[in-house]
Amino acid sequence: MTGSRILALGHYQPSGVLTNDELAKIVETDDAWIRSRVGIRTRHVAAPDETVDSMAAAAAAKALAGSGLAPHDIDLVLVATCTATDRSPNAAARVAAKLELSAPATMDINVVCSGFTHALAVADHAIRSGSATNALVIGSEKFTDVVDWTDRTTCVLVGDGAGAAVVTAAAEPGIGPVLWGSVPQMGGAVRIEGEPARFAQEGQTVYRWATTQLPAIARQVCERSGIQPADLAGVVLHQANLRIIEPVAERLGAVNAVVAKDVVDSGNTSAASVPLALSKLVERQEIASGDPVLLFAFGGNLSYAGQVIRCP
């Protein structure tokens with residue numbers, strides 16, 4: 001095998017939905033202000049008994065069911081998250097136990113919002129090297145646990161959920177080379193710190209960096225896969241803010257692509273946002289099997305990672 005491909009996708013969102021009008025009852029804001037600033041109208045909020053690993057397992061079970069593989073076929077589980085509360089067992093190990101997997105390697109990866117695309121690259125590398133054959137790659141976040149509900153600049157942004165992909169060895173690679181990096185000197189622009197941990201960010205700093213720097217980096221991702229942006233069928237950016245997604249996609253030049261805008265209904269779900277949005281696009285058949293799709297995430301640590309994949 002010379003590469004890997006995504007075999008199937010799955011996602012999970014809690015049933016609880018928080019609207020902008022409901023938010024306006026607990027913090028000084030309103031629907032018009034939120035929509036104009038970030039483009040979000042609703043977000044899903046996990047129940048107290050829903051955890052990062054339970055949501056991850058639900059999304060992974062859906063992806064596994066669609067893959068045609070059995071639980072014992074999975075030999076690597078990666079969970080991208082920055083909101084898991086326990087250090088050990090990690091979320092990946094708990095997912096493996098819930099799904100009754102046999103003896104997989106289990107790792108959590110914390111690169112905040114770009115965690116899933118980092119984890120997808122790690123799975124691809126592991127499969128290319130022969131260290132794994134079939135991997136579950138999951139992004140799962142319970143971001144409402146770490147938000148300050150008195151801060152209207154951040155509490156309006158976040159939501160909970162999970163997205164998952166089954167990745168398998170393939171003779172014809174369906175996951176392109178990753179381009180990843182960070183701006184560590186500006187890492188403090190997005191933070192989850194303190195006790196209890198709370199999410200905070202320098203919104204204007206992140207906005208300027210994302211809208212000015214990321215289009216060129218996203219084009220480099222396409223170059224690494226030998227594809228022109230105009231030939232992309234889909235673009236799935238980190239679902240941070242509609243005011244970032246739209247200009248970055250436009251400046252990228254993906255004029256024929258379906259651009260994921262799940263942020264409108266789901267809010268910013270951090271590491272879950274890319275697989276969650278991608279799974280929905282595939283489920284709604286907005287992109288077809290074999291179509292080239294750019295996955296590109298950015299955010300916490302001012303880190304970024306992206307690759308062009310072939311739609312399962």
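Right, let's walk through the structure included here.

Quick notes on the packing of aromatic side chains
Taken as a whole and assessed by the stated rule, the structure comprises 2 aromatic pairs. Plain terms: the ring middles of Phe-143 and Phe-199 are 5.2 Å apart, the flat faces sit at 75° to each other, and that makes the pair edge-to-face. Of this pair, Phe-143 sits in the loop between β6 (134–142) and α6 (152–155) while Phe-199 is found in strand β10 (residues 198–201), placing the two residues 56 residues apart along the sequence. Accessibility expressed as a relative area gives 3% for Phe-143, which makes it buried. Here Phe-199 falls in the buried class, since its relative accessible area comes to 6%.

A look at the pattern of salt bridges
Applying the stated criterion across every chain yields a total of 13 salt bridges. For the salt bridge of Glu-283 with Lys-62, the shortest nitrogen-to-oxygen distance reads 2.8 Å. Taken together, the positions of Glu-283 in helix α10 (residues 273–283) and Lys-62 in helix α3 (residues 52–67) put the pair 221 residues apart, joining distant regions of the chain. For the salt bridge of Asp-86 with Arg-94, the shortest nitrogen-to-oxygen distance reads 2.8 Å.

A word on the nonpolar core
Counting residues in hydrophobic clusters, the biggest one holds 50 residues, and the most contacted among them are Leu-232, Val-235, Leu-237, Leu-252, Leu-294, Phe-296 and Phe-298. Of all the secondary-structure elements, those providing two or more residues to this core are α2 (31–38), α7 (203–224), β11 (234–237), α8 (242–252), α9 (263–266), β13 (292–299) and β14 (303–310). Here this core takes 8 residues from α7, the largest share from any one element. With residues near it in sequence (within four places) discarded, Leu-237 still touches Ile-245, Val-248, Ala-249, Val-274, Phe-296 and Phe-298.

Comments concerning unusual backbone geometry
For residues besides glycine, phi is generally negative; the peptide bonds are generally trans as well. The step from Ser-88 to Pro-89 runs through a cis peptide bond, and the omega angle for that step is -5°. Mapped onto the elements of the fold, Pro-89 is located in the loop between β4 (76–80) and α4 (91–98). Residues Glu-195 and Pro-196 are joined by a peptide bond in cis, for which omega reads 5°. Within the secondary structure, Pro-196 is located in the loop between β9 (190–193) and β10. Despite not being glycine, Ser-270 shows a phi value in the positive range, around 55°. Secondary-structure assignment places Ser-270 in the loop between α9 and α10.

Calculation criteria
- Residues numbered from 1 in each chain as written.
- Predicted model: local features only at pLDDT ≥ 70, side-chain atom pairs only at ≥ 80, totals over all residues.
- Heavy atoms only, no water.
- Phe/Tyr/Trp six-rings, centres within 6.5 Å; stacked < 30°, edge-to-face > 60°.
- Helix = DSSP H or I, 4+ residues; strand = E, 2+ residues; numbered from the N terminus.
- Buried < 20%, exposed > 50% of the residue type's maximum accessible area, 1.4 Å probe, protein only.
- Salt bridge = Lys/Arg side-chain N within 4 Å of Asp/Glu carboxyl O.
- Core = buried A, V, L, I, M, F, W, Y, C linked by side-chain atoms within 4.5 Å.
- Contact = heavy atoms within 4.5 Å.

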